[in-house]
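Tertiary structure, described
So you can see what is in the structure, the chains are spelled out below.
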Amino acid sequence: MAGKGQSKQPVGQSEMRIWEHPWGYREGFIVAAGIAFSGLLLQLTVGNIQPALFASPVNSIFGALFVTGLTAVHFLLPKNRTVRWLGGVYAAVPAIAVLLLLCIILGLIPQFPHNSSNEQLPPTLFTPLGWYRMTTSWPFVLLCFYILFILGLTTLKRTGQKQSWRDIGFYLNHLGLFLALGGGLLGSADLERLTMSVNEGEIAWRATNQSGEIKELSLAIQLDTFLIEEYPPRLVIIENETGRILPATRPDSYQFEEVGKTVQIAGVTMEILDYLPHAALFRDSTFLNVVPMMMEGATTAIKVRVNNAEDNQPVEGWVSNGSYLFPHSTLQVSGNRSIAMPPQEIKRYRSYVTLYTEKGTARQAIIEVNRPLPVEDWIIYQYSYDDTKGKYADSSVFELVRDPWLKVVYTGICMLMAGALFLFVAGPKKKADEKDK
Amino acid sequence: MNWDSFIYFAIASLLFWAMGAAAAYKYRNKTIPALLTVAGLLIFALFIAGLWHSLERPPLRTMGETRLWYAFFLPVAGLLTYLRWNYKWILSFTTLLAAVFIVVNITKPDIHNKALMPALQSPWFAPHVIIYMFSYAILGAATLVALYYLIREEKIGNPDRLVQMTDELVYAGTACITLGMLMGAIWAKEAWGHYWSWDPKETWAAATWLGYMVYIHYRLKKNASHKMSMIILLFAFLLLQICWYGVNYLPSAQQSIHTYS
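Figured I'd write up the structure that's included with this text. (Residues numbered from 1 in each chain as written. Chains lettered and ligands numbered in written order. Predicted model: local features only at pLDDT ≥ 70, side-chain atom pairs only at ≥ 80, totals over all residues. Heavy atoms only, no water.)

Digging into the overall build of chain B
When its secondary structure is counted, chain B shows eight helices and zero strands. When the helices and strands of chain B are listed from N to C terminus, the series reads α-α-α-α-α-α-α-α. Taking 18 Å as the expected radius of gyration for a compact globule of 261 residues, we find that chain B reaches 19 Å, a close match to that expectation. Considered along the principal axes of its C-alpha atoms, chain B spans approximately 55 × 45 × 30 Å. In chain B, which comprises 261 residues, the proportion classed as buried is 64%. Carbon and sulfur atoms make up 69% of the accessible area of chain B, which totals about 10300 Å². Side-chain charges of chain B comprise 19 positive and 12 negative groups, with the mean position of each set lying 9 Å from the other. (Helix = DSSP H or I, 4+ residues; strand = E, 2+ residues; numbered from the N terminus. Rg over C-alpha atoms; globule rule 2.2 N^0.38 Å. Buried < 20%, exposed > 50% of the residue type's maximum accessible area, 1.4 Å probe, protein only. Areas by Shrake-Rupley, 256 points an atom, 1.4 Å probe, with all protein chains shown as cover. Lys, Arg positive; Asp, Glu negative; His and termini not counted. Charge placed at Lys NZ, Arg CZ, Asp CG, Glu CD.)

Structure, rendered in structure tokens:
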């Protein structure tokens, strides 16, 4: 049975002395906690990990050494009971549990950007522990590498056993996680994220990184046109004093569909008389003049008729959400209520660009949210835009991301997805299978 | 179709589900309970489809909309478990839990809004959320079994069989949260520039995943305690609840891009 690679189960933990083989969960928790504690000591002495220190080729060398070490340990010490234990459940479960604990802390404590200086962090007990920047703290990272070690060993250990179809799922899941987690950790040192602002009609080739430093790129982006689409305007009833949309517990609204409809919002019935998608608003001391006007900065306006709540006389007027040129306009319905038009929600926005590379190529493309553009080893994302002019915005902000280790991570992710499907279809080992072993 | 009609569909569905749950005790043949449960599901599905059509976007964006899918998938998970394992009480449990979420939706109704922000206009949106809601329902069913085990511990005739059931449910549910999480990662790379940013929602999704990893690996050993396994399940489900909607209430998560409207 020893050849099967299954470690003998401990008789009863209380009957055995600690550190007496075969090790069980007790030793597992001690080792995992010990690694976390070593990380803590490192954290207290040298502070957070600086990802830049592990940039290429340091991370590649480390990765290669890690895999080599792992393989060496497996092949050179196959009978070593500690090594066999490390590749098994008694080491894995406590390691996962301790990582889970750190994850919970990570989820409960607000996290700060990794390049924050110590002065920017709250002056509490958690700061020296590294809990405000958990994912670059030593305990977290060391624990992750411990788990990677266990993952590697357990995968190698499985190759020594009699293979069955169930092992396909095992390899997909464990090797997949090894690649995804390992690639993600090591690759984070090489991840570059830059932002670049470009105005319509202009060209830019310099971008800013997260620390505010400017970097010159080997490619240039020219923003030919920036386009925003908004959803049709909505009408709401607001409380005059506070501007709150009513009813307060479940704000109601009506999205414009067509002229001539009668609608009810928050108990107020109104008739839609007219709709101007491009309007100019001119107000003097007594009168508001709304005229259709096709111009940059034109706003949207809807004319409504409603019965004033106090004297039941019909009142008509224009409601508009304004623009950077014109003020918004509301229609009073009673002493404390008015009809208003909030700013329209954004449906989509995209940039029409021309890309120039150092090699001399020029090509046109569209960059949009959820549709980033790969160029050389960068991927360009539609990050945001300058919204001071609302829907007439003419300044686009791009994010450029470079992630050399992405392919490693994606390989791992694909394997994990296949492994998950396997898990779903195959399910747990049935009791019948166990009799065959 | 809007949320105002929801109560009628909900009452009709719950009636059929309750009849199905009662029928499970009355009839040995599983056909009648199954048909009644399916009838309830069809009525509920009709509402979801109608809402989808009138909103002109998948109803997956708000908290209330995700509760809708959960209330739908729970009886699905219950029915599949009942058909596979013959435990009569599972239909009552899932009906009850679905009722809880339906009541929450009726008492805290959502804003009826067609707008879908640009970041959510992606083919990943619907599968990512739907598979998560489906997995939550399966894992919810597993948690109900765990509760049942812990409450009736001494009186259970065949504990091994019960634990085999939770194993199957957890494998299926974990497979689904894994797929959901990875879909989310691939989508994140398309939308936000990186596949994992430790956004609070992502962190708690990872925590939930690790919780179920503890269960699965602990259960591999023959000496695993059934009671401990069930407790792990309850804890993992707690993590799941935090991931689903607890994050909206956590002070650390106010900046999250995942906060539902």
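Read on, since the account is not over.
Digging into the pairing of strand β6 (residues 262-265) of chain A
Residues and elements named next belong to chain A. Only one face of β6 is covered, namely the face carrying Val 263 and Ile 265; the face carrying Thr 262 and Gln 264 is uncovered. In this structure, β6 lies alongside strand β7 (residues 268-283), joined through four bridges in antiparallel fashion. What sits directly across from Ile 265, in β7, is Val 268. Turn length for the β6-β7 hairpin, with the two strands adjacent in sequence and antiparallel, is two residues, and the turn residue Ala 266 shows positive phi of about 45°. (Pairing = 2+ DSSP bridges.)

Side note on the interface of chain A and chain B
Across the boundary between the two partners, chain A contributes 60 residues, which contact 58 residues of chain B. In total, chain A and chain B occlude about 5100 Å² of area from one another, counting both sides; carbon and sulfur atoms represent 66% of this. Interface area lost by chain A to chain B is led by Arg250(A), Asn370(A) and Pro428(A), which between them contribute 13%. Taken together, the connections running from chain A to chain B amount to zero salt bridges. The set of elements that each furnish at least two residues to the side of chain A that touches chain B consists of α4 (89-108), α7 (166-187), β13 (346-357), β16 (378-385), β17 (395-402), α8 (406-426) and α9 (431-436) of chain A. (Contact = heavy atoms within 4.5 Å. Buried area = accessible area lost by both parts, 1.4 Å probe. Salt bridge = Lys/Arg side-chain N within 4 Å of Asp/Glu carboxyl O.)

Quick notes on the sheet that holds β16(A)
Within the open sheet, the eight strands sit side by side as β14-β13-β3-β2-β1-β17-β16-β15 (chain A). Their pairing is antiparallel. Each having just a single partner strand, β14 (362-368) and β15 (373-375) of chain A make up the two edges of the open sheet. Strand-to-strand twist in this sheet, taken as the mean axis angle between neighbours without regard to direction, amounts to 40°. Two elements, strand β1 (residues 192-199) of chain A and β17(A), share eight bridges in a ladder whose sense is antiparallel. Residue pairing in the sheet places Val198(A) in a bridge with Ser396(A) of β17(A). Contacts between helix α6 (residues 159-192) of chain B and the sheet are confined to β1, β16 and β17 of chain A, with β16(A) contributing the most and set at about 70° to the helix. (Axes fitted to C-alpha atoms, helices over the stretch in contact; angles between N-to-C directions.)

Topic: the side chain of Gln255(A)
Topologically, Gln255(A) is positioned in strand β5 (residues 254-255). You can call Gln255(A) buried: its relative accessible area is 14%. Residues in contact with Gln255(A), not counting those within four places in the same chain, are Tyr231(A), Pro232(A), Pro233(A), Arg234(A) and Lys114(B).

Examining helix α4 (residues 89-107) of chain B
Residues and elements named next belong to chain B. A rise of 1.5 Å per residue sets the reference length of α4, with its 19 residues, at 27 Å; its end C-alpha atoms lie 27 Å apart and thus fit the reference within 8%. Three or more residues of α4 are buried, namely Trp 89, Ile 90, Leu 91, Thr 94, Thr 95, Leu 97, Ala 98, Ala 99, Phe 101, Ile 102 and Asn 105. Turning to α4, the residues buried within the fold contact α1 (6-26), α2 (31-55), α3 (63-85), α5 (125-152), α6 and α8 (226-244). (Expected span 1.5 Å × (residues − 1).)

Brief notes about the packing of α1(B) against α4(B)
Residue and element names in this part refer to chain B. It is at 8 Å that the axes of α1 and α4 come closest, and there the two elements cross at 165°. One way to sum up the angle between α1 and α4 is to call them roughly antiparallel. The interaxial crossing formed by α1 with α4 has left-handed handedness. Side by side, α1 and α4 meet where Phe 6, Ile 7, Ala 10, Leu 14, Trp 17, Ala 18, Gly 20, Ala 21, Ala 24 and Tyr 25 of the first sit next to Trp 89, Leu 91, Ser 92, Thr 95, Ala 98, Ala 99, Ile 102, Asn 105 and Ile 106 of the second. Class assignment of the residues belonging to the contact of α1 with α4 gives a composition of 15 nonpolar, four polar and no charged. (Parallel < 35°, antiparallel > 145°, perpendicular 65-115°, else oblique. Left-handed = near helix turned anticlockwise from the far one by under 90°. Nonpolar A, V, L, I, M, F, W, Y, C, P; charged D, E, K, R; others polar.)

Geometric values such as these leave the question of function open.
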